[in-house]
Amino acid sequence: MADSVREVLLRHEHAAIARRNRAFMLSHADDSYFRKEGVAGGRPVARYELEQALRQAYNLRSSYVHRLSALPTSISHPHGHWESTTVDRRPVLTFQGLYRLTRRVIEHFVATGQKVETETYDYTLEQSCVISVEFAPQYWVWRPLAKPAEVRMRLEGMLSLAHSLLIGEKVELGDMRPVLADVERLLPQAPTATRPSMLLFHILTNRLFAAEQRSPGAQEFLERYAAEAFAPGPEAVIVGTYMGEVDWPLEEHSSSIGISRSVCGRAASTHPGSWKRRRSSPWPSASALGATRMERGA
């Protein structure tokens, strides 16, 4: 049933695109295309043939691209300067004809389009040696949250900062308490798929900061949501490994990150037993983050 619905939707979608394509091409094929330029060419397409030729061109293109069907020999064989031929006794454009029509349509579209005398344009990105890069997490991870979907990227940013601390880098960071308050505010209305990222972001951030810089009620939040936050899942694997809060059987750990049971079985034979919680995870030493201090969690 789902495949049938998908097929119908795609068929109607392609039909609408083909119809818009024909309408655009026909609206910009003016009289000069047929009367002046076409007279000198070989076998130019007539006005009454153009719509059918465009329909043929779009269908043949779709078959060639999506179904890997070969082009008809009447098109693929050389025609000199012919601009049209026939397939199944219906008119179709050759490559030469399609090129001239496309060129004329673009010229007419530009000539009849809206004219702008002056236009403001930021040319700085066009200069040499100018590139666009992403901001480091410390410049955006603390910003206010507008919706729950934004939290996953914040969690990735906080994990990146935690890695920087582990390797001894100094990181400056703004006050995280407002964004943690946003997490608490948005959590009740968050979709189920987003809740693990929100909970782990809140817990990890509070664990990294010194006690005086944590959000109010951080310990109560951890005790209330720890079981949900560290339930088997991709986010919990990463954050739990860093924090030493993972206590799952090896098979459950493997399935949470998409490893097959056969691979899990081989791993279990090499490392028998469960993947137990380890409190000796390598917490970062106390590090200065601007005015905010991060230290080993309690």
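Data block above holds the structure.
For clarity, every value in this text was computed on a predicted model and none was experimentally measured. (Residues numbered from 1 in each chain as written. Predicted model: local features only at pLDDT ≥ 70, side-chain atom pairs only at ≥ 80, totals over all residues. Heavy atoms only, no water.)

Engineer: What am I meant to see in the pattern of salt bridges here?
Structural biologist: Opposite charge on two side chains makes pairing possible when the charged atoms of those side chains draw close. Within the structure shown, the criterion is met by 11 salt bridges. Across the pair Glu107 and Arg103 runs a salt bridge whose closest N-O atoms are separated by 3.3 Å. Of the two residues, Glu107 and Arg103 are both situated in helix α5 (residues 95-112); the distance of four residues between them amounts to about one turn of the helix. Among the ionic pairs, Arg195 bridges to Glu228, the shortest N-O distance being 2.6 Å. Here the residue Arg195 occupies a position in helix α8 (residues 195-208), and Glu228 occupies one in helix α9 (residues 218-229), the gap between them amounting to 33 residues. Assessed through its relative accessible area of 34%, Glu228 is described here as partly exposed. (Salt bridge = Lys/Arg side-chain N within 4 Å of Asp/Glu carboxyl O. Helix = DSSP H or I, 4+ residues; strand = E, 2+ residues; numbered from the N terminus. Buried < 20%, exposed > 50% of the residue type's maximum accessible area, 1.4 Å probe, protein only.)

Engineer: Looking at this structure, I do not really get the nonpolar core. What am I missing?
Structural biologist: Of all hydrophobic cores here, the largest spans 38 residues; its most connected members are Val141, Met158, Met176, Phe201, Leu204 and Val239. Secondary structure elements with two or more residues in this core: α6 (151-166), α7 (177-186), α8, α9 and α10 (234-243). No other element matches the seven residues that α8 contributes to this core. Sequence-distant contacts of Met158, defined by excluding residues within four places in its chain, comprise Val141, Leu173, Met176, Phe201, Leu204, Thr205 and Leu208. Core analysis: the next-biggest nonpolar cluster, separate from the first, contains 11 residues, Ala29, Tyr33, Leu54 and Leu101 among them. (Core = buried A, V, L, I, M, F, W, Y, C linked by side-chain atoms within 4.5 Å. Contact = heavy atoms within 4.5 Å.)

Engineer: Before we go on, may I ask you to explain a nonpolar patch on the surface in this structure?
Structural biologist: The grouping of Phe24, Ile106, Phe109 and Val110 at the surface amounts to a nonpolar patch, some 390 Å² of accessible area in total. Among the elements that take part in the nonpolar patch, α5 stands out by supplying three residues, more than any other. Position of Val110 relative to the elements: it lies in helix α5. Exposure remark for Val110: the relative accessible area of 56% places this residue in the exposed category. (Patch = residues over 30% accessible without salt bridge, like charges linked within 9 Å, V, L, I, M, F, W, Y side chains within 5 Å. Areas by Shrake-Rupley, 256 points an atom, 1.4 Å probe, with all protein chains shown as cover.)

Engineer: Looking at this model, I keep getting lost on unusual backbone geometry. Mind explaining?
Structural biologist: Peptide bonds are mostly trans, and most non-glycine residues show a negative phi. We note that Asp88 has phi near 55°; this positive angle belongs to a residue other than glycine. Relative to the assigned elements, Asp88 resides in the loop between β1 (84-87) and β2 (90-93). Residue Asp88 is classed as exposed on the basis of its relative accessible area, which comes to 62%. Of note, the phi angle at Arg89 is positive, near 65°, even though the residue is not glycine. In this fold, Arg89 is placed in the loop between β1 and β2. Its relative accessible area of 84% is what places Arg89 among the exposed residues.

Engineer: What exactly am I supposed to notice about the packing of α7 against α8 here?
Structural biologist: Contact geometry for α7 and α8: axes closest at 10 Å, N-to-C directions at 150°. Viewed along their axes, α7 and α8 adopt a mutual orientation that is roughly antiparallel. Between α7 and α8 lies a crossing whose hand is left-handed. Residues Val179, Leu180, Val183, Glu184 and Leu186 of α7 lie in contact with α8, whose contacting residues are Met198, Phe201, His202, Thr205 and Asn206. Of the residues assigned to the contact of α7 with α8, the class counts are six nonpolar, three polar and one charged. (Axes fitted to C-alpha atoms, helices over the stretch in contact; angles between N-to-C directions. Parallel < 35°, antiparallel > 145°, perpendicular 65-115°, else oblique. Left-handed = near helix turned anticlockwise from the far one by under 90°. Nonpolar A, V, L, I, M, F, W, Y, C, P; charged D, E, K, R; others polar.)

Engineer: What is the right way to look at the environment of Arg22 in this model?
Structural biologist: Checked against the element boundaries, Arg22 lands in helix α1 (residues 2-27). Note on Arg22: relative accessible area 11%, which makes it buried. Excluding anything up to four places from it in sequence, Arg22 contacts Glu51, Leu54 and Arg55.

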